[in-house]
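Architecture at a glance
Take a look at the letters that make up each chain.
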Amino acid sequence: MTAQFPPIKEVIAGQSGFAPNVWARWFQFVSNAVNGRAPVQLQGFAKADVPDPARWEGSLIFVTDDVGGAVPAFSDGTNWRRVTDRAVIS
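Residues numbered from 1 in each chain as written. Predicted model: local features only at pLDDT ≥ 70, side-chain atom pairs only at ≥ 80, totals over all residues. Heavy atoms only, no water.

1. Structural notes on the overall build of the protein
In plain terms, the rule: Comment: elements are numbered from the N terminus, with helices defined as DSSP H or I runs of at least four residues and strands as E runs of at least two. Burial here depends on accessible area, computed with a 1.4 Å probe over protein chains only, as a share of the maximum for the residue type. Under 20% is buried, over 50% is exposed, and the range in between is partly exposed.
The helix and strand tally for the protein stands at two helices and four strands. Counted from the first residue to the last, the protein has its helices and strands arranged as α-α-β-β-β-β. By the burial criterion, 19% of the 90 residues in the protein qualify as buried.

Structure (structure tokens):
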């Protein structure tokens, strides 16, 4: 016979106190983002502070001071490229 456990969200929410409430809110945030019910917030970086694109291939960031204004960018393994036109951030 397999034990039936309540959903983790109910276990966390059923506890009282500050820490369980923080965990419940965090769990709800992650659950919503993963399931497409909430926007995902990209980490913002100034151009001078963007991480090494070779280490973050396939990742997204938000470049706060690119030419023409702030823009999401992705790593192609060599450069950070604007998602709007695939140009290297400048």
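2. Topic: the sheet that holds strand E3 (residues 71-75)
How we decide: DSSP calls a pair of strands paired once it identifies at least 2 bridges connecting them.
Here we have four strands laid out as an open sheet, ordered E1-E2-E3-E4, and mixed in their pairing. The open sheet has two edge strands with one neighbour each: strand E1 (44-45) and strand E4 (80-82). With four bridges joining them, strand E2 (residues 60-63) and E3 adopt antiparallel strand pairing. By the bridge assignment, Val63 is partnered in E3 with Val71.

3. Brief notes about the pattern of salt bridges
Where charged atoms from two side chains of opposite charge approach closely, those side chains can pair. For clarity, the threshold we go by: In what follows, salt bridge is the name for a side-chain nitrogen of Lys or Arg lying within 4 Å of a carboxyl oxygen of Asp or Glu.
All chains considered together, the criterion is met by three salt bridges. Between Arg82 and Asp66 there is a salt bridge, with the nearest N and O atoms lying 3.1 Å from each other. Remark: Asp66 occurs in the loop between E2 and E3 and Arg82 occurs in strand E4; sequence separation between them is 16 residues. Between Arg82 and Asp85 there is a salt bridge whose closest N-O contact spans 2.9 Å. Owing to a relative accessible area of 44%, Asp85 belongs among the partly exposed residues under this scheme. A cluster of three or more residues bridged by salt bridges with shared partners is formed by Asp66, Arg82 and Asp85.

4. Some remarks on the pairing of E3
In terms of burial, E3 is largely enclosed, as four of its five residues are buried. When E3 meets E4, the two strands line up antiparallel, connected through three bridges. Pairing of Ala73 across the sheet is with Arg82, part of E4. In this structure, the hairpin formed by E3 and E4 is closed by a connection of four residues, where Gly77 is found at a positive phi of approximately 95 degrees.

5. Let's talk about the side chain of Ser75
Stated precisely, the cut-off is as follows: Definition of a polar contact: a pair of N or O atoms within 3.5 Å, with one able to donate and the other able to accept a hydrogen when the atoms are protein atoms, and with sequence-neighbouring residues admitted only if both atoms are side-chain atoms.
Residue placement: Ser75 occurs in strand E3. For Ser75, a relative accessible area of 3% translates into the label buried. Within the structure, the side chain of Ser75 is placed 3.1 Å from the backbone nitrogen of Gly77, a separation counted as a polar contact.

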